[in-house]
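Inside the fold
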Amino acid sequence: MGTETAQGTGDGAEALAARRREQRGWYFYDWACSVYSTSVLTVFLGPYLTSVAKAAADADGYVHPLGLPVRAGSFFAYAVSLSVILAIFVMPLAGAAADRSGRKKPLLAVAAYTGAAATAGMFFLDGDRYLLGGALLVVANASLSVSMVLYNAYLPQIAPPEERDTVSTRGWAFGYAAGALVLVADLVLYLNHDAFGIAESTAVRICLATAGVWWGAFTLVPLRRLRDRGPASASPSGGTVPGLRQLRATLEDMRRHPLTLSFLLAYLVYNDGVQTVISQASVYGSEELELEQSTLIVAVLLVQVLAVAGALAMGRLARRYGGKRTILGSLVAWTVTLAAGYYLPAGAPGWFFVLAVGIGLVLGGTQALSRSLFSHLVPAGKEAEYFSAYEMSDRGMSWLGPLVFGLAYQLTGSYRDAIVSLVVFFALGFVLLARVPVRQAVRDAGNPVPTRI
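Analysis parameters
- Residues numbered from 1 in each chain as written.
- Predicted model: local features only at pLDDT ≥ 70, side-chain atom pairs only at ≥ 80, totals over all residues.
- Heavy atoms only, no water.
- Patch = residues over 30% accessible without salt bridge, like charges linked within 9 Å, V, L, I, M, F, W, Y side chains within 5 Å.
- Areas by Shrake-Rupley, 256 points an atom, 1.4 Å probe, with all protein chains shown as cover.
- Salt bridge = Lys/Arg side-chain N within 4 Å of Asp/Glu carboxyl O.
- Helix = DSSP H or I, 4+ residues; strand = E, 2+ residues; numbered from the N terminus.
- Buried < 20%, exposed > 50% of the residue type's maximum accessible area, 1.4 Å probe, protein only.
- Phe/Tyr/Trp six-rings, centres within 6.5 Å; stacked < 30°, edge-to-face > 60°.
- Polar contact = N/O pair within 3.5 Å; in protein donor to acceptor, adjacent residues only side chain to side chain.
- Contact = heavy atoms within 4.5 Å.
- Lys, Arg positive; Asp, Glu negative; His and termini not counted.
- Charge placed at Lys NZ, Arg CZ, Asp CG, Glu CD.
- pLDDT = per-residue confidence, 0-100.
- Axes fitted to C-alpha atoms, helices over the stretch in contact; angles between N-to-C directions.
- Parallel < 35°, antiparallel > 145°, perpendicular 65-115°, else oblique.
- Left-handed = near helix turned anticlockwise from the far one by under 90°.
- Nonpolar A, V, L, I, M, F, W, Y, C, P; charged D, E, K, R; others polar.
- Expected span 1.5 Å × (residues − 1).
- Bend = angle between axes of the 7 residues up to and from the residue.

**Quick word on a nonpolar patch on the surface**
A contiguous nonpolar surface patch, about 400 Å² in accessible area, is contributed by Leu 82, Ile 85, Leu 86, Phe 89 and Val 90. Relative to the assigned elements, Val 90 resides in helix α2 (residues 75–101). A relative accessible area of 32% places Val 90 in the partly exposed class.

Listed below in structure tokens is the structure:
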């Protein structure tokens, strides 16, 4: 009997070690791809691609992709929108294919290296090659969205229910740490390009391309450590379903789990507010608070650094109070931060940094705990399919917040009124999430209910 007990303990230790190894490999995809979101999307590509489009514009300030007149200043925004539309078609296909085959890893590799190659190709974005820049942006952005569907779908498979909050928040922390690390290196190169003997535009193109190289290089770690488990159950082999039809089929399946849908609706609302704050904070800082570009870049770096600590701290809070309560608390913190932002004085970078501290401390935790909470609400064998709908809420549906922000500014002429108008997303999201009985939702999805959720 002693031998059997020792053998059982050994098997358990081996299984735990294998799970920890896989979890550490999983963290590294956040480390790999988050640099794209930080250095490319948030800091460098928007202004640079806009300058390239302006260099190609006619006397009236228009470029003509596919013969359509487009203001050069709007080209970047339209390219981002087009990438979202493409992702809406591809994400459900990738999710359903992964669930049917049980082979997430090859699909993750294709999506990741397509995005990394497109990002590295941005080194050749010079002169008036705005169409090249737009095409690479569309491919990279859509690839990132597809890869995140597959990446997130691993979470329920590599972490038992009681570990998911911790594992998810550590993944986000890895991502923010990588973003901060690379952004520091980018800023050194960008601010000292003359000392390095290169032009400013060349420095920007190097920063863009190195994000792609980083993405591709560190993706090797999860591809080596993650493992495919095969489909959870027999799936119909009816062939590939076009994207919108597959999305409709996923949503119809979700109707059998209305509480999962209720959570997804709450997440869609408050995450729209989160994404809008991220995308519009620099506009608020430059236009309303009259801050310089260097101040805004330092604020972005501050957010990245503090988001690491914030994600880990909120993970610990979730272990004590449950993920739902912790998310609700973060939504209150978001509301207070926006209210404080309304009163920030112009020309005072110190107070803007205080605002960045508030955003950084709640940003990573809100996103990480939402991901882990949703993972409990997904029926076994449908992880990638359901996370395609989740990812569309995260990336594909975050359009209402910017619209509200823009309309508020148009009607009032004040960015202060525009920023405070976003409070409605956090308040409504709070109410919707508070009404979701998450324990019952977990049971309805056929999953074990954690002690704290």
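**A look at the packing of aromatic side chains**
On inspection of all chains with the given rule, the structure shows 25 aromatic pairs. Taking the centre distance of 5.6 Å and the plane angle of 75 degrees together, the rings of Phe 28 and Phe 174 count as edge-to-face. In this pair, Phe 28 is assigned in helix α1 (residues 2–56) and Phe 174 in helix α6 (residues 164–191), connecting sequence segments 146 residues apart. Relative accessible area serves as the criterion here: at 24%, Phe 28 is assigned to the partly exposed category. Owing to a relative accessible area of 27%, Phe 174 belongs among the partly exposed residues under this scheme. Pairwise contacts between aromatic rings join Trp 26, Tyr 27, Phe 28, Tyr 29, Trp 31, Tyr 151, Phe 174, Trp 214 and Phe 218 into one cluster.

**Observations concerning the side chain of Ser 330**
By the secondary structure assignment, Ser 330 is in helix α11 (residues 323–342). Side chain to side chain, Ser 330 and Thr 366 meet in a polar contact 3.0 Å long. Look past the residues within four positions of Ser 330 in its chain and what remains in contact with it is Met 314 and Thr 366.

**So, a positive patch on the surface**
On the surface, Arg 320, Arg 325, Arg 439, Arg 443 and Arg 452 cluster together into a positively charged patch. Mapped onto the elements, Arg 439 comes out in helix α17 (residues 438–444). Note on Arg 439: relative accessible area 36%, which makes it partly exposed.

**Some thoughts on the confidence of the model for the protein**
Residues with a pLDDT of 70 or more make up 91% of the protein, whose mean pLDDT is 85. Segment residues 1–10 is flagged for pLDDT under 50; beyond a separation of four residues in sequence, or across chains, it makes 0 contacts in the model. Long-range and interchain partners of residues 234–240, a stretch whose pLDDT sits below 50, account for 6 contacts in this model, where long-range means more than four residues apart.

**Examining the packing of helix α3 (residues 104–120) against helix α7 (residues 200–225)**
Between α3 and α7, the shortest axis-to-axis distance is 7 Å and the interhelical angle comes to 165 degrees. Our classification of the angle between α3 and α7 gives roughly antiparallel. As for the relative orientation of α3 and α7, their crossing is left-handed in sense. Here Lys 105, Leu 108, Ala 109, Ala 112, Tyr 113, Gly 115, Ala 116, Thr 119 and Ala 120 of α3 lie close against α7, whose contacting residues are Leu 208, Ala 209, Ala 211, Gly 212, Trp 215, Gly 216, Thr 219, Leu 220, Pro 222 and Leu 223. Here the residues of the contact of α3 with α7 sort into 13 nonpolar, 5 polar and 1 charged.

**Some thoughts on unusual backbone geometry**
Although it is not a glycine, Leu 66 sits at a positive phi angle of roughly 55 degrees. Mapped onto the elements of the fold, Leu 66 is located in the loop between β1 (62–63) and β2 (70–71). Backbone geometry at Glu 290 places phi at a positive 60 degrees, although glycine is not the residue there. On the secondary structure map, Glu 290 appears in the loop between α9 (258–288) and α10 (293–321).

**A short note on the pattern of salt bridges**
Applying the stated criterion across every chain yields a total of 6 salt bridges. For Asp 30, the salt bridge is made with Arg 371, and the minimal N-O distance between the two is 3.7 Å. Placement of the pair is Asp 30 in helix α1 and Arg 371 in helix α12 (residues 349–376), with a sequence separation of 341 residues. Among the residues examined, Asp 30 registers a relative accessible area of 2% and is labelled buried. Between Glu 288 and Arg 416 there is a salt bridge, and its shortest N-O distance comes to 3.3 Å. You can see Glu 288 sitting in helix α9 and its partner Arg 416 sitting in helix α15 (residues 415–420), a full 128 residues away along the chain. Linked through salt bridges whose partners overlap, the residues forming this network are Arg 19, Arg 20 and Glu 163.

**Let's talk about α2**
Between its first and last C-alpha, α2 extends 38 Å over 27 residues, near the 39 Å set by a 1.5 Å rise per residue. The largest bend along α2 measures about 30 degrees and falls at Ile 88, with the proline Pro 92 one to four residues further on. Taken from the residues just after α2, Gly 102 is the one with a positive phi, measuring 75 degrees.

**Describing the environment of Val 146**
One can find Val 146 in helix α4 (residues 130–153). For Val 146, a relative accessible area of 8% gives the class buried. Sequence spacing of Val 146 and Ala 111 is 35 residues, and the spatial spacing of their C-alpha atoms is 6.3 Å. Filtering out sequence-adjacent residues up to four positions away, Val 146 remains in contact with Val 90, Met 91, Ala 94 and Ala 111.

**Things to note about the environment of Leu 155**
Note on placement: Leu 155 falls in helix α5 (residues 155–158). Accessibility expressed as a relative area gives 0% for Leu 155, which makes it buried. Taking the C-alpha atoms as reference points, Leu 155 and Asp 165, separated by 10 residues in sequence, lie 10.0 Å from one another. Excluding anything up to four places from it in sequence, Leu 155 contacts Trp 26, Arg 164, Val 167, Ser 168, Arg 371, Ser 372 and Ser 375.

**Notes on the side chain of Asp 186**
With respect to the helices and strands, Asp 186 occurs in helix α6. The side chain of Asp 186 sits in the buried core without any salt bridge; Arg 205 is the nearest counter-charge, 14 Å away. There is a polar contact of 2.8 Å between the side chain of Asp 186 and the side chain of Ser 39. Among all residues touching Asp 186, those that are not within four sequence positions of it are Ser 39, Phe 44, Cys 207 and Thr 210.

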